[in-house]
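# Structural overview for review
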Amino acid sequence: MFELIKDDIDNIKKVVFVTGAGISQESGIPTFRGKDGLWRNHDAMKLATIDAFYNNPKLVWEWYNERRANIFAAKPNPGHRAIAELEKYVKVVVLTQNIDGLHQKAGSSQVLELHGSIIKIKCSVCDFKEETTYEISKVPPLCRCGNILRPDVVWFGESLPQDVWQKAMVLASQCDLMIIVGTSLVVSPANTLPIYAKQNNALLIEINPENTEMSSEMDLIIRNTSAISLPKFVTLFKKN
Ligand code: BJW
Ligand code: ZN
């Protein structure tokens, strides 16, 4: 599966993973696009917007409540665990678009959450923020200041947390190998990270059963799932 890069392994010191919804699919968490991207006949892409939240905060909160219950019950799969295990052999950073916390649960120590976290909620007006895994029974929940609380995630049209994004760009520009796993690469600015890596002459590997926007730029493409492919990738380092 990874035969083509076997001889490059000794020169790889810094690995950056760019991950998306597909890596958590085998943990039972639906992806955003395609047939998986419908919830009660609503397009996930339309729900993940600030306009949807202000138009119908109850509906958007019901979507997040269901996802929170599913995500909090989910376990990391062999793909997440392989990435965490790779830290034994090389420097590893995970730049994830996912909000599910499964990389951290698997044991990865350097995870940058580009689109926020479903564990956190924040006020839509004041500075209030907290981590909570309890079920939000009355939706939409209200802040002490009287305004609506929201999930601390990044919706379309909103900026990514700037400190996180700045770090992500630097790390992508400095890696020797970037592995892009389970993302359609249609959402910017996360989909520009492979370009920063390429500018540093990093090797690019894509792990995805389907073609993506940037497949033609990859040095190696693995058309298989992450839970199958990533443990095999780590074995290359174990033999060294
Ligand atoms: C497997 C697998 C297995 C399956 N193993 N693989 C026009 C107007 C306004 C804005 C824009 C515009 N044009 C562009 C923009 C910018 C916009 C954007 O990119 N839009 C595009 C859709 C066109 N981006 C933004 O707005 C971002 N902010 C920004 O740019 O700020 C500056 C700005 C400000 C104001 C105006 C304009 C710009 C913010 C983006 C935020 C994205 N948020 C979400 C929701 C997060 C919260 C939540 O989860 O609830 O993030 S949307 C959703 O998409 C989520 C994901 O992180 C993200 C990416 O999706 P991902 O992970 O790639 O999932 P899928 O489903 O697309 O793909 C899954 C893949 O896995 C597939 O390829 C499968 O084949 C594969 N797979 N099983 C391996 N087992
Ligand atoms: Zn408030």
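Residues numbered from 1 in each chain as written. Chains lettered and ligands numbered in written order. Predicted model: local features only at pLDDT ≥ 70, side-chain atom pairs only at ≥ 80, totals over all residues. Heavy atoms only, no water.

A few words on the site of ligand 1. Arg33, Tyr64, Arg67, Glu158 and Ser184 are the nearest of the 35 residues found near ligand 1. Within the backbone of alanine 21, one N or O atom sits 2.8 Å away from an oxygen atom of ligand 1. Between ligand 1 and glutamine 25, the relevant distance is 3.0 Å, taken from a nitrogen atom to a side-chain nitrogen or oxygen of the residue. Its free accessible area being 1,500 Å², ligand 1 has 74% of it covered by the protein chains. When residues are assigned to domains, the shell around ligand 1 turns out to be shared by domain 1 (1-28 + 76-115 + 160-240) and domain 2 (30-73 + 122-153), each giving three or more. (Near = heavy atom within 4 Å. Polar contact = N/O pair within 3.5 Å; in protein donor to acceptor, adjacent residues only side chain to side chain. Areas by Shrake-Rupley, 256 points an atom, 1.4 Å probe, with all protein chains shown as cover. Domains from an automatic or database assignment.)

The domains assigned to the chain are domain 1 (1-28 + 76-115 + 160-240) and domain 2 (30-73 + 122-153). Inter-centroid distance (C-alpha atoms) of domain 1 to domain 2 is 27 Å. Considering only the surface of domain 1 that becomes buried against domain 2, Ala21, Gly28 and Ile99 emerge as the three largest contributors, covering 44% of it. Counting the contacts that link domain 1 with domain 2 gives zero salt bridges. Between domain 1 and domain 2 we count two residue pairs in polar contact (both at pLDDT 80 or more) in total. Residue classes in the side of domain 1 that touches domain 2 are distributed as four nonpolar, five polar and two charged. (Buried area = accessible area lost by both parts, 1.4 Å probe. Salt bridge = Lys/Arg side-chain N within 4 Å of Asp/Glu carboxyl O. Nonpolar A, V, L, I, M, F, W, Y, C, P; charged D, E, K, R; others polar.)

Before going further, it helps to spend a moment on the coordination of the zinc ion (ligand 2). Listed as protein donors to the zinc ion (ligand 2) are Cys123 (SG), Cys126 (SG), Cys143 (SG) and Cys145 (SG); their distances from the metal cover 2.2 to 2.3 Å. Metal-centred angles of 105 to 121° between the four donor atoms at the zinc ion (ligand 2) mark the site as tetrahedral. Within one chain, the residues serving as donors to the zinc ion (ligand 2) are arranged as C-x2-C-x16-C-x1-C. Of the two residues, cysteine 123 is situated in strand S6 (residues 116-123) and cysteine 143 in the loop between strand S7 (129-131) and strand S8 (149-153); the sequence distance between them amounts to 20 residues. Here cysteine 123 matches cysteine 143 in class, with each residue buried. (Donors = N, O, S within 2.8 Å, 3.2 Å for Na, K, Ca; no water. Tetrahedral: all angles 85-135°; square planar, octahedral: opposite > 155°, others 65-115°. Helix = DSSP H or I, 4+ residues; strand = E, 2+ residues; numbered from the N terminus. Buried < 20%, exposed > 50% of the residue type's maximum accessible area, 1.4 Å probe, protein only.)

Here we take up the pairing of S8. Of all five residues in S8, five are buried; the element is thus mostly enclosed. Of the strand pairs in this sheet, S6 and S8 are connected by five bridges, and their pairing is antiparallel. When the bridges of S8 are listed, isoleucine 121 appears paired with proline 151. (Pairing = 2+ DSSP bridges.)

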